Amino acid sequence: MEQPELSGWHKLVLERTPRGEFTSADLYVHEEELRSRYPGNENVQAKIRQVLQDLRDRGLIQLTISGKWQRVETSSSRPPDGRSALSDGPRMTGDVSPQVHADLVATHARALEAGELLSPDRAQADRTRFRQLFGPDVLRQLDGEALLERMHGTGNKENLTYWLEFKDDDEFATRSYGVIAGGNAAKFGLYRTREGQWVTGAGKRQRVLSLAEAVARARQHRDQIVRAVGAIERLGGDRSDEAYRALQRELDDVAPDLVDTAWGHKYFALLFPEAIDSFHVRPYQDWNLLCLLQRPPDAPGRFVCAGRFAAIAALLGWSQVTTMQVLSRRNGRPLSHYLVDVGHVGPEGLDGLLARSAIALPGAKTTDLRDLPSDRWKDALRQRVSLAFPDLDGRELQRRTTELGWFVHDVEHGDQVLVSRGQEVLAIGRITGDYAFAADDELPHQRTVEWLSVRPFVLATPESLGGIFDHVARPENIIAVRTALLDPQLPGPPLPPPPPIPGKGDEPPIPQPHRRRTVPPLGGIRGRVQAILDRKGQAILYGPPGTGKTHWAERTACDLAAWEEHGKHFDELDEASKSAIRGPTGRVRLCTFHPAFGYEDFIEGYRPEPKASGMSFERRDGVFKRLCRDAAASTERWTHFLIVDEINRGDVPRIFGELLTLLEVDKRGRLAVLPSGESFSVPPNVRVIGTMNTADRSIALLDAALRRRFGFVELMPDVTPLRNAVIKPALPLGLWLQRLNRRILQHVKRDARNLQIGHAYFLDRGQPIESTTRFVQILREDVIPLLEEYCYADFRALAELVGEKIVDAENQRIRDELFTADRATEVVEHLLALDPDLATTRVVSDEDETATWSRELTNIPLMRRLLQEGRSAEEILEVYRARYAAKGKTDEAWVAGRVATYRRIVEQGGPVTDDDDELDDETPYGPSSSTDAAGSGNGKTSPIPDGQA
């Protein structure tokens, strides 16, 4: 039959298979839409028409006329069943594909079965109560301080801002209507500080208001609410994009202070639940539309997408509230998508990545990037890349630095990565692991992934700028990814890893004899341990779990050994030298005591040995005896160290036996006769460092003979290393841990001081964690089980520590359904709700913020605490050196002068001079983070400025 002209609606089947064939898939194109989407770009419009014409000419498609629109389909496919929403003249915004529709229905059924959906009656009751307290008619009748308190009052829980952000109980389930927790109180445009001042703005833009000015500001908010309500009421039932673009423009005019805030959007969504969605920030709105395979509207604003969600709810036959909950459950948080060019991952290509179950990038010269300082990581990374690749020009250096920065710092668990060859995607994977460095791999920079699909497809438009690791940003390409994941071809079992390639340099060189060096005094905790070892020969580091006891024991021993042999810190040595110092036969060895560990393991004993003629018993030397023998045989008289981890878990008198006496410094070298009849002594060049968890056993319960022969160093939780870490959306990690330990002291009571949670739980290679997912994993897998033990299975006490939203005290269980990657942010928000002022800690002025934090951690209070702990002058100076180095201040004389000033103030009791005042101007978390800014305070771009769904 004669081929018709291409005009009107077209249904084109274009999905490309790995063999280059065309099979069934849907794409709707309308002439009018082409012109509106590509205005004035005739070339693009002509190109799309040419694609259709070319497919027809090649016989891959055939055209037939059907009603008002044309159906274009492959000759092998069946005509579509049912009616498309796009066939009814003007484009309807609620269209979803059959696969997406089935997925939504299945998600709804699972949520309903799990009891996760709010009932219609409860939703209606919540909205009625909200209107009774905060509806426009109620606010219109209030004025003066009554209006101010009803809208923005703090110190009580009956104000509008509290209900919108935190009120989540039997009276009002605010989380079911979208979450705006996070950021700080500045997002409401008006708030009262803990000192009772009314302020607006944040950080350097903060301004204190008089009561009259605060009332005027609240009145302005009220009047804008009333005008905006009228505009939404005039919307009627029109759900088209154009109607909502017009609404956005009107709201921009009548409610300029509210229209681009999450709290304003949530307020209107509660009043008009069938017209306004519950995703209160644009990134979440766009993400959920992309997951529905719809391109979000191009117009800016928080209200332009609402018609889409209203139309989808109508199509599904659910309320808007139910639809929002189902979408949230199915789609989760907005994911970032990244491209890895397969041309840069070596000859193994995709097969190599599948075998590793990882995404991997080249760049061994840049070394391990996990040790980048958290507060200056961008500058440090650029310097590392510049040193590794000195020949790169400025643009290439910037590109390589940016790519590694994304890979190391920005990628989060759950984000998706596409292995591509040009515009063709070969595989899709989900990030499941933190950044790791494999020094022996040709692709050393790695992150583990779960492969989701290995079915190739073509991106709609080019993304990559020619780099190794790139962002996927174009909406049409993300839609292509989501479409591919609806029908993936999953990979088979991973291929075995390739065998290592033998080469030179596999064996470490034999270390040559060195001259023994004098070890300088070490600073800080290492210096305290060093002093005890010099005086007594052995030390025990004790304290609550997670305070870094084993870390400091190993670091002290390794540094002392390295300085003695090489004249430098252990971290500055090459790998061969490190291996010679630390290991099973090195100068620093480790063992762990436990109830079954005995004299035979530590000193010597008879062990069964199978022989051809039967079983016999042979005498074997234990770990301590072998160390002492090697130390005595050392021609250079190197000091040898034994680290005894968990020393209190063993029967120490039985394990040490007669050698407990020989540990004393003045008895070193004295001979003792072992049970075997062999003479033995403890050489002078042996040192023992033990670690002890006081959550298991107090030092008061240790054997008196043991206590007399060991010196003790107490390590308590120290939130200083966490001072700059913020877990998204707005949880200051150090301050949160400090508050948690305070609650432990308050509620656990018995020996609570030794049961606090240490800061090391939240450190990775010495740097504070930043991933929300990682934080939630640590909370559930490490911290909560420890707290359960402390509370003796008293779930009400446990709820006092971490909150009733995390602990179901009535049913005596942890709400494990919260601890998934897509709900990690929700857990953080529950922690913020337990301690709401944590979320507003960072909104006060620089002076007020510093005063809040410095009560515990900064400057003069820190000096007071260090002196009370008996720290030496060098230890104190090292603490402040680290603090100022993190802020880029390294001048030794300047730091020493400041430390001397702090010490004078504490020891003499003041007064504080004007010069002293300037010392307390440091903001521990960096610049104050406004909720309406895109930054998260840690150098990363946040997709959720002031809230999320």
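Residues numbered from 1 in each chain as written. Predicted model: local features only at pLDDT ≥ 70, side-chain atom pairs only at ≥ 80, totals over all residues. Heavy atoms only, no water.

Describe the pattern of salt bridges, naming the residues involved and giving the relevant values.
One pass over the structure, following the stated rule, counts 57 salt bridges. Notably, a salt bridge pairs Asp137 with Arg140, separated by 2.7 Å at the nearest N-O pair. On the criterion of helical spacing, the pair formed by Asp137 and Arg140 is a turn pair, its members being three residues apart in helix 5 (residues 136-140). A salt bridge links Glu826 to Arg175, with the nearest nitrogen and oxygen atoms 3.4 Å apart. Taken together, the residues Glu826 in helix 29 (residues 824-834) and Arg175 in the loop between helix 7 (160-165) and strand 7 (191-192) connect sequence positions 651 residues apart. For Glu826, a relative accessible area of 16% corresponds to the buried category. Judged by its relative accessible area of 22%, Arg175 is partly exposed. A cluster of three or more residues bridged by salt bridges with shared partners is formed by Arg589, Glu604, Arg619, Asp621, Lys625, Arg629, Asp630 and Glu678. (Salt bridge = Lys/Arg side-chain N within 4 Å of Asp/Glu carboxyl O. Helix = DSSP H or I, 4+ residues; strand = E, 2+ residues; numbered from the N terminus. Buried < 20%, exposed > 50% of the residue type's maximum accessible area, 1.4 Å probe, protein only.)

I'd like to hear about helix 10 (residues 262-271), residue by residue, with values.
The element helix 10 is extensively covered by neighbouring structure, given that 10 of its 10 residues are classed as buried. Residues of helix 10 that are buried include every one of Ala262, Trp263, Gly264, His265, Lys266, Tyr267, Phe268, Ala269, Leu270 and Leu271, and no others.

Could you give me a rundown of the sheet that holds strand 8 (residues 198-200), with the residues and numbers involved?
With antiparallel pairing, the three strands of this open sheet are ordered in space as 7-8-9. Each edge of the sheet is formed by a strand with only one pairing partner; in this case those strands are strand 7 and strand 9 (207-209). Here strand 7 runs beside strand 8; their pairing, made up of two bridges, is antiparallel. Bridging across to strand 8, Tyr191 finds its partner in Val199. Strand contacts of helix 8 (residues 211-233): strand 8 and strand 9, with the helix running at about 95° to strand 9, the strand carrying the most contacts. (Pairing = 2+ DSSP bridges. Contact = heavy atoms within 4.5 Å. Axes fitted to C-alpha atoms, helices over the stretch in contact; angles between N-to-C directions.)

For the nonpolar core, give the residues involved together with the corresponding values.
Phe130, Tyr267, Phe268 and Ile276 are the most contacted members of the largest nonpolar core, which has 72 residues in total. Considering each element in turn, this core owes the most residues, eight residues, to helix 8. Residues in contact with Tyr267, not counting those within four places in the same chain, are Phe130, Phe134, Gly135, Pro136, Leu139, Leu160, Leu164 and Ile225. Residues Ile727, Leu737, Ile814 and Leu831 belong to the second largest nonpolar core, which totals 45 residues. (Core = buried A, V, L, I, M, F, W, Y, C linked by side-chain atoms within 4.5 Å.)

Please provide a residue-by-residue account of the packing of helix 8 against helix 10, values included.
Pairs of packed helices are described in terms of their axes, by the angle between the two and the distance that separates them. Helix 10 packs onto helix 8 with a crossing angle of 50° between their chain directions and a minimal axis gap of 11 Å. With respect to helix 10, the element helix 8 is oriented oblique. The element helix 8 and its partner helix 10 pack so that their crossing is right-handed. Together, His221, Ile225, Ala228, Val229 and Ile232 of helix 8 and Trp263, Tyr267, Phe268 and Leu271 of helix 10 make up the contact between the two elements. Split into classes, the residues belonging to the contact of helix 8 with helix 10 amount to eight nonpolar, one polar and no charged. (Parallel < 35°, antiparallel > 145°, perpendicular 65-115°, else oblique. Left-handed = near helix turned anticlockwise from the far one by under 90°. Nonpolar A, V, L, I, M, F, W, Y, C, P; charged D, E, K, R; others polar.)

Break down the confidence of the model for the chain for me, with residues and values.
For the chain, per-residue confidence averages 77 on the pLDDT scale, and residues scoring 70 or more make up 77% of the total. A low-confidence stretch, residues 1-30 stays under pLDDT 50, and its non-local contacts, those more than four residues away or across chains, total 84 contacts. This stretch, residues 910-949, has a pLDDT under 50; its non-local contacts, to residues over four places away or in other chains, come to 120 contacts. (pLDDT = per-residue confidence, 0-100.)

Give me the lowdown on the environment of Pro475, citing residues and values where you can.
In this fold, Pro475 is placed in helix 17 (residues 475-486). Pro475 sits 181 residues away from Gln294 along the chain, and the two C-alpha atoms are 8.7 Å apart. When near neighbours in sequence (up to four residues on either side) are disregarded, Pro475 contacts Leu290, Arg295 and Pro296.

Give a description of the packing of helix 6 (residues 144-152) against helix 8 that names residues and reports values.
Closest axis-to-axis distance for the helix 6/helix 8 pair is 9 Å, and the angle between their directions is 65°. When the axis of helix 6 is compared with that of helix 8, the two are roughly perpendicular. With respect to the hand of their crossing, helix 6 and helix 8 are arranged in left-handed fashion. Only Leu211, Ala214, Val215, Ala218, Arg219, His221, Arg222 and Ile225 of helix 8 make contact with helix 6, whose side of the interface consists of Gly144, Glu145, Leu147, Leu148, Met151 and His152. Of the residues in the contact of helix 6 with helix 8, the class split is eight nonpolar, three polar and three charged.

Describe in detail the side chain of Thr401, supporting the description with residues and values.
Note on placement: Thr401 falls in helix 16 (residues 394-410). Only 2.8 Å separates the side chain of Thr401 from the backbone oxygen of Leu397, close enough to count as a polar contact. (Polar contact = N/O pair within 3.5 Å; in protein donor to acceptor, adjacent residues only side chain to side chain.)

How would you sum up unusual backbone geometry? Please name residues and give values.
At Ser357, a position not held by glycine, the phi torsion is positive, near 55°. The residue Ser357 is located in the loop between helix 14 (349-356) and strand 11 (358-361) in this model. Of note, the phi angle at Arg637 is positive, near 60°, even though the residue is not glycine. Examined against the element boundaries, Arg637 turns out to sit in the loop between helix 22 (623-633) and strand 22 (640-645). Under the relative-accessibility criterion, Arg637 is labelled partly exposed at 33%.

So what about the side chain of Lys578? Which residues, and what values?
Tracing the sequence through the fold places Lys578 in helix 20 (residues 575-581). Excluding anything up to four places from it in sequence, Lys578 contacts Phe570, Asp571 and Leu573.

Go over the pairing of strand 13 (residues 424-431) with me, naming the residues and quoting the values.
By the criterion of burial, strand 13 is predominantly enclosed, with six of the eight residues buried. Of the strand pairs in this sheet, strand 12 (residues 416-421) and strand 13 are connected by six bridges, and their pairing is antiparallel. Bridge pairing in strand 13 links Arg421 to Glu424. Taking the residues that link successive antiparallel strands as the turn, the strand 12-strand 13 hairpin has two residues, and the phi of Gly422 there is positive, at about 65°. Bridge analysis of strand 13 against strand 16 (residues 457-458) gives two bridges, and the strand direction is antiparallel. The residue of strand 16 that forms the bridge with Glu424 is Val458. Of the strand pairs in this sheet, strand 13 and strand 15 (residues 445-453) are connected by four bridges, and their pairing is antiparallel. Its bridge partner being in strand 15, Gly429 is matched across the sheet by Trp451.

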